Amino acid sequence: MTIWLLAILVLASVAALGYQQGAIRASISFFGIILATLLAPLAGKIFKPLLGLVGVTNPVWLWVLPPLFGFVLVLALVKVAAFFVHQKVDVYYKYKAGDLRLALWERLNDRLGACIGLLNGVAYLVLIAFVIHAFSYWTVQMASADTDPKTVRLLNTLGRDLQSTGMNRVAKAIDPLPAGFYDTADLTGLLYQNSLLEARLLRYPGLLTLGEKAEFQALGQDAAFAEMRLKGASINEVLEQPSAKAVFANPELLKEIWTTIQPDLSDLRSFLETGKSAKYDGEKILGRWRFDSSGSMLAYRRLKPGVAGTEANRMRVWMHERFGKAVIVAAPDKMVALKDISELKLQPGQATPPNPRSLKGTWKSDGSDYEFDLEGGTEKRTAKFEGRLLVIAGEGISIAFAKVD
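Each chain has its residues counted from 1, following the order in which its sequence is written. In keeping with the model being predicted, local features are shown solely for residues with a pLDDT of at least 70 and side-chain atom pairs are shown and tallied solely at 80 or more, while totals for entire chains, interfaces and linings include all residues. Side-chain measures were taken over the full set of non-hydrogen atoms in the model, leaving aside hydrogen atoms and water.

A.B. asks: In this structure, what is going on with the packing of helix α17 (residues 293–303) against helix α18 (residues 309–323)? I would like to understand it.
C.D. replies: Each pair of packed helices can be summarised by the angle the axes make with each other and by the distance between the axes. Orientation is described by axes fitted as lines to C-alpha atoms, over the contacting stretch for helices, and by angles from 0 to 180 degrees between their N-to-C directions. Every helix listed is a DSSP run of H or I at least four residues long, and every strand listed is a run of E at least two residues long, numbered separately from the N terminus. Across the interface, α17 lies against α18 with an axial gap of 10 Å and an inter-helix angle of 130 degrees. Relative to α18, the element α17 is oriented oblique. The way α17 lies across α18 gives a crossing that is right-handed. Of the residues in α18, those touching α17 at S293, S294, S296, M297, Y300 and R301 are E311, A312, M315, R316 and M319. Each residue gets one of three labels, nonpolar for Ala, Val, Leu, Ile, Met, Phe, Trp, Tyr, Cys and Pro, charged for Asp, Glu, Lys and Arg, and polar for the others, Gly among them. Classifying every residue of the contact of α17 with α18 by side-chain character gives five nonpolar, three polar and three charged. The labels follow the angle: roughly parallel below 35 degrees, roughly antiparallel above 145, roughly perpendicular from 65 to 115, and oblique for the rest. Working rule for handedness: look at the near helix, and if it is turned counterclockwise from the far one by less than a right angle, call the crossing left-handed; if clockwise, right-handed. Whether two residues touch is decided by their heavy atoms; if any such pair falls within 4.5 Å, the residues are in contact.

A.B. asks: Even after reading the chapter, I still don't get the confidence of the model for the protein chain, so can you show me in this structure?
C.D. replies: When pLDDT is low, close inspection of the predicted coordinates is not appropriate. Summing up the model confidence of the protein chain, the mean pLDDT is 87 and the portion of residues at 70 or higher is 97%. On a scale of 0 to 100, pLDDT captures the predictor's confidence in every residue. When the elements of the protein chain are averaged for pLDDT, helix α13 (residues 235–239) gives the smallest value, 78, and helix α2 (residues 23–44) the largest, 94.

A.B. asks: It is not clear to me how the pairing of strand β6 (residues 379–386) should be interpreted in this structure. Could you clarify?
C.D. replies: Remember that side chains alternate between the two faces of the sheet whenever the strand is regular. Throughout, exposure labels follow a simple rule: accessible area from a 1.4 Å probe, protein chains only, divided by the maximum for the residue type, with under 20% read as buried, over 50% as exposed, and the rest as partly exposed. Side-chain alternation along β6 places E379, R381, A383 and F385 on a buried face and K380, T382, K384 and E386 on a face that remains uncovered. In short, DSSP must find at least two bridges between two strands for them to pair. Linking strand β5 (residues 369–374) back to β6 in an antiparallel pair, the connection comprises four residues, with E375 at a positive phi of about 50 degrees. In the sheet, β6 pairs with strand β7 (residues 389–393) via five bridges, with the strands oriented antiparallel. In the strand pairing of β7, A383 is matched with I392.

A.B. asks: It is not clear to me how unusual backbone geometry should be interpreted in this structure. Could you clarify?
C.D. replies: Leaving glycine out, the prevailing phi sign among residues is negative, and the prevailing peptide bond configuration is trans. Within the chain, K334 stands out as a residue other than glycine whose phi angle is a positive 75 degrees. In this structure, K334 sits in the loop between β2 (327–330) and β3 (335–341). A relative accessible area of 38% means that K334 is categorised as partly exposed. The phi dihedral of D340 is positive, around 50 degrees, even though this residue is not glycine. Relative to the helices and strands, D340 resides in strand β3.

A.B. asks: How should the pattern of salt bridges be read in this particular structure?
C.D. replies: Should their charged atoms come close, side chains of opposite charge can pair. We define a salt bridge as a contact between a side-chain nitrogen of Lys or Arg and a carboxyl oxygen of Asp or Glu at a distance within 4 Å. Within this structure, the stated rule accounts for 16 salt bridges. Ionic pairing is found between K279 and D264, a salt bridge with its closest N-O pair at 2.5 Å. Here D264 lies in the loop between α15 (251–261) and α16 (265–274) and K279 lies in the loop between α16 and β1 (287–291), a separation of 15 residues in the sequence. The exposure class of K279 is partly exposed, given its relative accessible area of 47%. Residue R322 is joined to E321 by a salt bridge in which the shortest nitrogen-to-oxygen separation is 3.2 Å. A relative accessible area of 6% means that R322 is categorised as buried. Several salt bridges converge on common partners, so that one network encompasses K364, E371, D373 and K380.

A.B. asks: Help me understand the environment of A233 in this model?
C.D. replies: You can see A233 is positioned in the loop between α12 (223–231) and α13. Of the residues examined, A233 reaches a relative accessible area of 11% and is grouped as buried. On a C-alpha basis, the gap between A233 and T147 in space is 7.9 Å, while along the polypeptide they are 86 residues apart. Those residues in contact with A233 that lie beyond four places of it in its chain are Y192, M228 and V238.

A.B. asks: I would appreciate a short explanation of the sheet that holds β3 in the present structure.
C.D. replies: Pairing is antiparallel around the closed barrel formed by eight strands, whose spatial order is β1-β2-β3-β4-β5-β6-β7-β8. Mean inter-strand twist for the sheet, computed between neighbouring axes without regard to direction, equals 30 degrees. In this fold α18 packs onto β1, β3 and β8 (398–403), with an angle of close to 135 degrees to the strand it touches most, β1.

A.B. asks: What should I look at first to understand the packing of aromatic side chains in this one?
C.D. replies: Within a pair of aromatic rings, the relevant descriptors are the distance that separates the centres and the angle that separates the planes. Any two rings among Phe, Tyr and Trp, with Trp reduced to its six-membered ring, count as a pair given centres within 6.5 Å; such a pair is stacked if its planes are under 30 degrees apart, edge-to-face if over 60, and tilted if neither. Counted according to the given criterion, the structure contains 17 aromatic pairs. Taken together through their ring pairs, the aromatic side chains of W63, F135, Y137, W138, F181 and Y182 make up a single cluster. Only when the NZ atom of a Lys or the CZ atom of an Arg is both within 6 Å of the ring centre and within 35 degrees of the ring normal do we say a charge sits over the ring. The ring of F385 has K284 lying over it, and the distance from NZ or CZ to the ring centre is 4.3 Å.

A.B. asks: Explain the layout of surface pockets to me, please; I cannot follow it from the model alone.
C.D. replies: Any space left empty among the atoms is revealed by the rolling of a water-sized probe across them. The space that makes up the second largest pocket amounts to roughly 540 Å³. Forming the boundary of the second largest pocket are 23 residues, of which D281, R388, K403, V404 and D405 lie nearest the centre. Among the elements of the structure, α16, β1 and β8 are those that each provide at least two residues to the lining of the second largest pocket. No other element matches β1, which puts three residues into the lining of the second largest pocket. In terms of residue class, the lining of the second largest pocket is made up of nine nonpolar, four polar and 10 charged. Residues are said to line a cavity or pocket when one of their atoms sits within 4 Å of a point; the points come from a 1 Å grid over protein atoms alone, cavities being sets where a 1.4 Å probe fits but cannot get out and pockets being open sets with protein on both sides within 12 Å along at least five of seven lines. Grid points are joined across faces, edges and corners, and a volume is the space filled by probe spheres set on the points.

Encoded structure:
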C-alpha cells in the first residue's frame with residue numbers, strides 16, 4: 001500500500017512540475033536524470049574528501065552521500081542549461097511569433113510538459129525503488145521489533161511492500177551493486193538474528209588474523225556487548241557500545257574487514273551454517289587450539305613409559321599450572337600466535353613458577369611436520385599431528401592441543 005501511495009505522490013508532483021516548467025525543461029530534465037544517474041559515482045568523488053573535511057567519518061555516510069551529491073550536482077547543471085534553452089524559445093514566441101502562435105505554443109508547452117513530467121516521475125520512482133530495495137535489504141534482516149527508529153521501520157515497511165507488489169523487479173533491473181553487497185547483507189542478517197553463531201564466526205580460518213587485532217579482542221571480552229546481543233538489542237544500541245564503536249567507527253579497519261571477507265563470502269556463510277569450510281578444511285593446522293591435558297599426559301607417558309602414578313599426577317598438576325590457558329591460533333596467511341604458554345622445558349624438581357608468554361610469528365609445513373618461527377626468528381617450535389591432536393615438542397616434554405570446534 002505504501003508503495004502505491006508513494007508512486008501516486010511522486011508521479012502527481014513531478015507531472016505538475018512538468019506542467020509548470022514546460023515541455024523543453026521537462027524533456028531536457030528527463031535526459032538529465034539519466035545522465036546524472038550514470039555520472040553520479042564519478043561526480044561523487046569530488047565530495048568524498050570534502051565530507052572528510054567537515055567531519056563526516058561514518059563509513060555508511062561516506063558511501064551513500066558522495067553519489068547522492070554527485071547526482072544532484074549533474075542534474076542541477078542540466079536543469080540550468082534547460083532553463084536557458086527554455087528562455088530562448090520563450091523570448092522568440094513572446095516577441096517575434098505573434099499572439100496566436102504564442103497562445104498555441106503556451107498551451108502545447110504546458111500540456112506536453114505535464115506528459116513528459118509524468119515520464120520524469122516514472123524515472124524518479126524507479127530510482128527511489130532502487131534506493132529502498134538496497135537499504136531495506138539490510139534493515140529488514142536486522143529488524144528488532146519496536147525498538148528500531150521510526151525511519152527504519154518506515155523503510156522496512158516500504159521494502160516489504162516493494163517485494164509484495166513486485167516493484168523490486170524494477171529496482172533490480174537498474175541495480176549496479178555487486179552481488180557481494182547482498183551476500184554481505186545476508187551474512188550480517190544471519191549473524192544478527194542468531195547471536196550464538198558469533199562464536200563460530202571467531203573460529204572461521206579466514207578471519208583468525210583479524211580476530212587477533214586489539215579492537216576485536218576487546219569486543220570479544222566485552223560482557224555488556226555479549227549480554228546485549230543475547231537479549232536481541234537493536235542494531236543502534238549494539239553499535240553504541242564502546243567496544244563495537246571502536247570497530248565500526250574505524251574506516252580503515254572496516255575496509256580491511258571487507259577486503260578480507262569479500263573473497264570468502266559464500267564459504268563463510270557455509271561455515272556458519274554447517275561448521276565446515278570447503279576452502280580451508282584441507283589444511284589441518286588452521287584454527288584455534290586449546291591445551292589438552294589428557295593428550296599431553298599421553299605424550300609424556302610415551303616419553304617416559306615407566307612413570308609411576310604419583311609422579312604422573314604431579315606432572316598433570318604441573319602441566320595444568322603452566323599450560324592450562326595456553327592457546328594456539330594458526331591462520332591461512334601463515335600467521336601463528338601462541339598465547340599464555342610457558343617455557344616448553346621440563347624443570348628439575350618441577351618447582352619453578354610458571355611464566356606464561358604470548359608469542360607471534362609464522363608457520364610453515366613440510367607436508368607432515370610444522371615449524372613455528374616466532375618473534376622474528378628468535379624462537380622456534382616444532383609441531384606435528386598425533387591423531388586429532390597438535391603436539392608441540394619441547395625439552396623432555398611435549399604439549400598437546402585440541403582444536404576448538
